[in-house]
Amino acid sequence: MYQERIRSIVAKSVKLSKDITDIQDSDDLYSVGLTSLTTVNLMLSLEDEFDIEFDDNRLSRQTFESIAALNDAVEELSA
Amino acid sequence: MEAHALRTFAQIKATVHELGQSIVAAHANDVDQQARFPHEAFAALRSERLLSSYVPANFGGDGLSLTEVSELCRILGHYCSSTAMIYAMHQIQVACLVHHGQESTYFSGYLRRMCEEQLLLASATTEMGVGGDLRSSICHVEVEGDQFTLTKQAPVISYAQHSDAILVTCRSHKEAPASDQTQVLVDTAKTKLTPLTGWDTLGFRGTCSAGFTLEAQGHKDQILPTPFSVVLAHTMHPVSHLTWGSLWTGMAQGATNKARLAVRDMMRRSDELPQVTALRLAELDEVLFSMKGGLAGAMQAYQAMLDSNNLFQAEKYGFAIQVNNVKTRCSEMVVDVVSKALQIVGIGGYRNDGKYSLCRELRDAHGAALMVNNDRIRGHNATMQVVVKES
Ligand SMILES: Cc1cc2nc3c(=O)[nH]c(=O)nc-3n(C[C@H](O)[C@H](O)[C@H](O)COP(=O)(O)OP(=O)(O)OC[C@H]3O[C@@H](n4cnc5c(N)ncnc54)[C@H](O)[C@@H]3O)c2cc1C
């Protein structure tokens, strides 16, 4: 349910190779431009936007790999 | 399939030590001087069926654990760093197939063949134009019908011409972005290798890591079914750094042993050994101790993931940092240990001949920090360090 807000953050913090509207919720963000460096910016922006903190247990490629995965993480962390 | 008597790890270890002391050590200098493949060592490793030690027993291998295979790399590191490097690099490719290929009919058949024929696997990840960045490729695999073709400009492929097959990373199709990668197992005999660069280097000369334009073709079943991003995080990254860390620890152990031998001989000659010499030996062993400790911690963590069949844990940044630290620290400490050993041994270590010579070890040790450049690894760690709360 946070997909739209997440999308606008992804569009701002990641240099995407496609338009954000052409990216499906389940698409692999790493294959459209997300890198380990931009993952840091993305995570920090999400933490600010949703006032959450990603715990170490969640810090892996999987958590950041798609809009859907990010939404799951944000939902769980803000619950 | 031929039946093979089960052997214990203790027996396997004893065999590797025996081969190390005899055949491997005997040819190490010549391998280094001529920058040639250690044929004698690999003929012996093959005849002892040691190329399939990591393959599960149901395919015909020994089914050793990664901790055990790494111990074999460490033992070989005492005797000939090039032999140990080749053995470790082979095991990394084997681990990729064992962890990520068993569900494919082609790859499970290949694992069986590997055991029967004791096949040697090489790797072509590095590519002209992307340097040591494993996570991007320029070349791609082209599939037409059930056949593929693949051309890669690879500046470094260790023992390419002595291998039976090469695991090549590439983009998964023509339109795929640089990071959408896959691995293809190409048959060396059916691959055209046009030389790009030679391998006349400071050290690890016997790895014969020359560069080639590689042109391969084959059946599309030779494409590993798991995406490379997963293979890398779950297997290639931890297994590389752990097996390399092990063999570098073996090299450091070998140098420490030479220093100890020299100190003992000095004591035999005169009982007035300068106190500082023994003190330096004690200090040297402290560095070796840190190497072993850091390696053992990360090894235990990864072995636990393997044992519980939970390789997803390997994707965690905390673990990736730990494994990267094994690489950066061990590759730098091996230079430190060999240099300290040289200081202890003195001129005998500086000579290219004689039983205390440490020249080859010192030259080899300097390669460790360059194979996947430590700065690149520290760069990855730097970003992960910002996000983790505690390492
Ligand atoms: C003994 C040996 C055997 C090898 N065998 C194989 C093999 O079988 N198959 C294979 O594919 N490869 C192999 N390699 C290659 C190895 O894996 C490295 O990928 C390769 O050596 C890196 O090349 P490089 O130093 O030119 O590139 P880079 O990694 O690009 O490094 C060059 C310089 O650029 C700097 N640099 C560039 N980009 C960055 C960055 N993003 N962050 C920080 N620093 C950066 C580095 O610090 C360094 O100073 C082998 C290497 C050695 C030494």
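Residues numbered from 1 in each chain as written. Chains lettered and ligands numbered in written order. Predicted model: local features only at pLDDT ≥ 70, side-chain atom pairs only at ≥ 80, totals over all residues. Heavy atoms only, no water.

J.: Hey, could you run me through the confidence of the model for chain A in this one?
T.: Do not read the predicted coordinates in detail wherever pLDDT is low. Per-residue pLDDT for chain A averages 91, and the proportion of residues at 70 or more is 100%. No element of chain A has a lower mean pLDDT than helix 2 (residues 36-50) of chain A, at 89, and none a higher one than helix 4 (residues 67-78) of chain A, at 95. (pLDDT = per-residue confidence, 0-100. Helix = DSSP H or I, 4+ residues; strand = E, 2+ residues; numbered from the N terminus.)

J.: Just to check I follow, could you spell out the site of the ligand for this structure?
T.: All names here are of chain B. The environment of the ligand is formed by 19 residues, the closest being Ser 123, Thr 125, Thr 126, Ser 158 and Arg 376. Alone, the ligand offers 960 Å² of accessible surface; in the complex the protein occludes 66% of this. For the shell around the ligand, the elements supplying multiple residues, two or more each, are strand 1 (121-124) and helix 11 (374-387). For the shell around the ligand, the class distribution of residues is nine nonpolar, eight polar and two charged. Lining the shell around the ligand are residues from two domains, each supplying at least three of them: domain 2 (122-222) and domain 3 (228-387). (Near = heavy atom within 4 Å. Areas by Shrake-Rupley, 256 points an atom, 1.4 Å probe, with all protein chains shown as cover. Nonpolar A, V, L, I, M, F, W, Y, C, P; charged D, E, K, R; others polar. Domains from an automatic or database assignment.)

J.: Explain the packing of helix 1 (residues 3-13) of chain A against helix 2 of chain A to me, please; I cannot follow it from the model alone.
T.: Angle between the axes and distance between the axes: these two values describe a pair of packed helices. Residues and elements named next belong to chain A. Where helix 1 contacts helix 2, the two axes come as close as 9 Å, and the packing angle between them is 140°. On the basis of the axis angle, helix 1 is oblique to helix 2. Note on packing geometry: the crossing formed by helix 1 with helix 2 is right-handed. Residues Arg 5, Ile 6, Ile 9, Val 10 and Ser 13 of helix 1 touch helix 2, and the partners they reach there are Thr 38, Asn 41, Leu 42, Ser 45, Leu 46, Glu 49 and Phe 50. Taken together, the residues of the contact of helix 1 with helix 2 sort by class into six nonpolar, four polar and two charged. (Axes fitted to C-alpha atoms, helices over the stretch in contact; angles between N-to-C directions. Parallel < 35°, antiparallel > 145°, perpendicular 65-115°, else oblique. Left-handed = near helix turned anticlockwise from the far one by under 90°. Contact = heavy atoms within 4.5 Å.)

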